[in-house]
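If you want the building blocks of each chain, they are given just below.
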Amino acid sequence: MATAEAPITVKRFMEMKSAGHKITMVTAYDYPMARLADEAGVDGILVGDSLAMVVQGHDTTLPATMQQMLYHAEMVGRAVRRALVVVDMPFMSYQLGVREALKNAGRVLKQTRCQAVKLECGPNQAELVAALVQAGIPVMAHLGLRPQSVHQMGGYSVQRDRQQLLEDSRAVQQAGAFAILLECIPAELAAEITASVQVPTIGIGAGPHCDGQIQVLHDLLGLTLGRRPRHAKAYTDLKTTIQQALAQYCQEVREGVFPALEHSFR
Ligand code: KIV
């Protein structure tokens, strides 16, 4: 008799690193996409604050609110049976102090069925990670390019401060983060960080030596409306598929081909 595969936990992420099994992650923001990703067998789904860009049409992630993240996380949490679901803490939901961060991250676990949060961690944020972990909230720490700090960083550029990144990785691991997301750093540096920590690293634009990879779903499916980042690969061209289907629908309605008899009631 076939049994449903056990849900992926943060502990399983750690075991996968030890066993040398690559971890696969994508973003998702709604029920159908999260369900498809889960059924396709991805190990982790991130409800990313990238939704501000790919769903809402903003040019940065900064406008995403806590309320919006909870709204999308609820849909994703409802859809997923196997993958570990991580929810991004949006800009200014955790920067106002530990109390505010605990309150907001706690809402994710209480209201959404999702299991963990992700924080963009600049230097000296290990204390915050530790406070969340001590409260029983699993934390994925996001290092390297931190899109919420785009104005401070002066753009979306590759991050190369080896010493700082090694230090920050060790600090967030020490604070109890269960995984470290590395965005846009040189491949050799990502390999060095990956070898220097016990928790898994999940890369995006960080080369092949991370313990896992994450991609923004819209990039992976060919749904990017602007420029696709260099580190992203489109595995299909849904933009063209969707446009062609919609153009054909319009044509068939205009020509009286749709609806046909089989789409009509007597
Ligand atoms: O919000 C997001 O999509 C991210 C990416 C780095 C995966 O954080």
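Treat the numbers as computed from the prediction; the structure is a model and nothing was measured.

Engineer: How should I be thinking about the overall build of the protein in this particular structure?
Structural biologist: Scanning the protein from N- to C-terminus turns up 11 helices and eight strands. What you see for the protein is a C-alpha radius of gyration of 20 Å, in line with the 18 Å of a compact globule of 266 residues. Counting only C-alpha atoms and orienting by the principal axes, one finds that the protein spans roughly 70 × 45 × 35 Å. Counting only residues that meet the buried cut, the protein has 48% of its 266 residues in that class. Relative to all contacts within the protein whose residues are 6 or more apart in sequence, the contacts with residues 24 or more apart total 58%. Working note: accessible area of the protein is about 14,000 Å², and carbon and sulfur atoms make up 55% of it. Side-chain charges of the protein comprise 25 positive and 25 negative groups, with the mean position of each set lying 3 Å from the other.

Engineer: Could you clarify how one ought to interpret the pairing of strand β4 (residues 116–120) in this entry?
Structural biologist: In summary, the side chains of a regular strand alternate between the two faces of the sheet. Among the five residues that make up β4, five are buried, leaving the element largely enclosed by the rest of the structure. Burial of β4 is two-sided: the residues A116, K118 and E120 facing one way and the residues V117 and L119 facing the other way are all buried. With three bridges connecting them, strand β3 (residues 84–88) and β4 associate as parallel partners. Across the sheet, V86 pairs through a bridge with A116, a residue of β4. What joins β3 to β4 is helix α5 (residues 98–112), and the crossover it makes is right-handed. Here β4 runs beside strand β5 (residues 139–144); their pairing, made up of four bridges, is parallel. Bridge pairing links K118 to M140 in β5. A crossover links β4 with its parallel partner β5, the connecting element being helix α6 (residues 126–134), and its sense is right-handed.

Engineer: What am I meant to see in the site of the ligand here?
Structural biologist: All residues in the neighbourhood of the ligand are listed as T27, L46, G48, D49, S50, D88, K118, H142, E183, I204, I214 and V216. Within the side chain of S50, a nitrogen or oxygen atom sits 2.5 Å from an oxygen atom of the ligand. Separating an oxygen atom of the ligand from a side-chain N or O atom of D88 is a distance of 3.0 Å. Across the complex, the protein chains shield 95% of the 260 Å² of accessible surface that the ligand would expose by itself. For the shell around the ligand, the per-class residue count stands at four nonpolar, four polar and four charged.

Engineer: Any chance you could explain the packing of aromatic side chains here in plain terms?
Structural biologist: Given two aromatic rings, their pairing is described by the distance between the two centres and the angle made by the two planes. For the structure on display, the rule yields two aromatic pairs. On the basis of an interplanar angle of 65 degrees and a centroid distance of 6.0 Å, the ring pair of Y249 and F258 is categorised as edge-to-face. Judged by its relative accessible area of 31%, F258 is partly exposed.

Engineer: I would appreciate a short explanation of the pattern of salt bridges in the present structure.
Structural biologist: Once their charged atoms are close, side chains differing in charge can pair, the charge on each being opposite to the other. All told, the structure shown has 10 salt bridges when counted by the stated rule. We note a salt bridge from R82 to D43, for which the minimum N-O separation is 3.2 Å. Linking R82 in the loop between α4 (66–79) and β3 with D43 in the loop between α2 (31–40) and β2 (44–47), this pair joins segments that are 39 residues apart in sequence. The salt bridge involving R162 is made with E192; its shortest N-O contact spans 2.5 Å. Taken together, the positions of R162 in helix α8 (residues 162–175) and E192 in helix α9 (residues 187–196) put the pair 30 residues apart, joining distant regions of the chain.

Engineer: Would you take a moment to explain the side chain of D49 for this structure?
Structural biologist: With respect to the helices, strands and loops of the structure, D49 is situated in the loop between β2 and α3 (51–54). One buried charged side chain, D49, makes no salt bridge at all; its nearest oppositely charged neighbour is K118, positioned 5.3 Å away. With residues near it in sequence (within four places) discarded, D49 still touches T61, A64, M69, D88, P90, E120 and Q148.

Engineer: Would you take a moment to explain the packing of α4 against α5 for this structure?
Structural biologist: In a pair of packed helices, the angle between the axes and the distance between the axes together describe the arrangement. Their axes nearest at 9 Å, the elements α4 and α5 cross at an angle of 30 degrees. Of the possible angle classes, the one that applies to α4 and α5 is roughly parallel. As for the relative orientation of α4 and α5, their crossing is right-handed in sense. In contact with M66, Q67, L70, A73, E74 and G77 of α4, α5 contributes N104, R107, V108, Q111 and T112.

Engineer: When you look at the nonpolar core in this model, what are you seeing that I'm missing?
Structural biologist: Nonpolar side chains in soluble globular proteins generally cluster together in the buried interior. With 57 residues, the main nonpolar core has L119 and L182 as its most contacted residues. Of all the elements, α4 adds the most residues to this core, at six residues. If we ignore the near neighbours within four places in the chain, the residues touching L119 are M89, Y94, L128, V129, L132, V139, M140, A141 and H142. Core analysis: the next-biggest nonpolar cluster, separate from the first, contains 16 residues, M25, L84, F178 and I202 among them.

Rules and cut-offs
Residues numbered from 1 in each chain as written. Predicted model: local features only at pLDDT ≥ 70, side-chain atom pairs only at ≥ 80, totals over all residues. Heavy atoms only, no water. Helix = DSSP H or I, 4+ residues; strand = E, 2+ residues; numbered from the N terminus. Rg over C-alpha atoms; globule rule 2.2 N^0.38 Å. Buried < 20%, exposed > 50% of the residue type's maximum accessible area, 1.4 Å probe, protein only. Contact = heavy atoms within 4.5 Å. Areas by Shrake-Rupley, 256 points an atom, 1.4 Å probe, with all protein chains shown as cover. Lys, Arg positive; Asp, Glu negative; His and termini not counted. Charge placed at Lys NZ, Arg CZ, Asp CG, Glu CD. Pairing = 2+ DSSP bridges. Right-handed = clockwise from strand over helix to strand, strands pointing away. Near = heavy atom within 4 Å. Polar contact = N/O pair within 3.5 Å; in protein donor to acceptor, adjacent residues only side chain to side chain. Nonpolar A, V, L, I, M, F, W, Y, C, P; charged D, E, K, R; others polar. Phe/Tyr/Trp six-rings, centres within 6.5 Å; stacked < 30°, edge-to-face > 60°. Salt bridge = Lys/Arg side-chain N within 4 Å of Asp/Glu carboxyl O. Axes fitted to C-alpha atoms, helices over the stretch in contact; angles between N-to-C directions. Parallel < 35°, antiparallel > 145°, perpendicular 65-115°, else oblique. Left-handed = near helix turned anticlockwise from the far one by under 90°. Core = buried A, V, L, I, M, F, W, Y, C linked by side-chain atoms within 4.5 Å.

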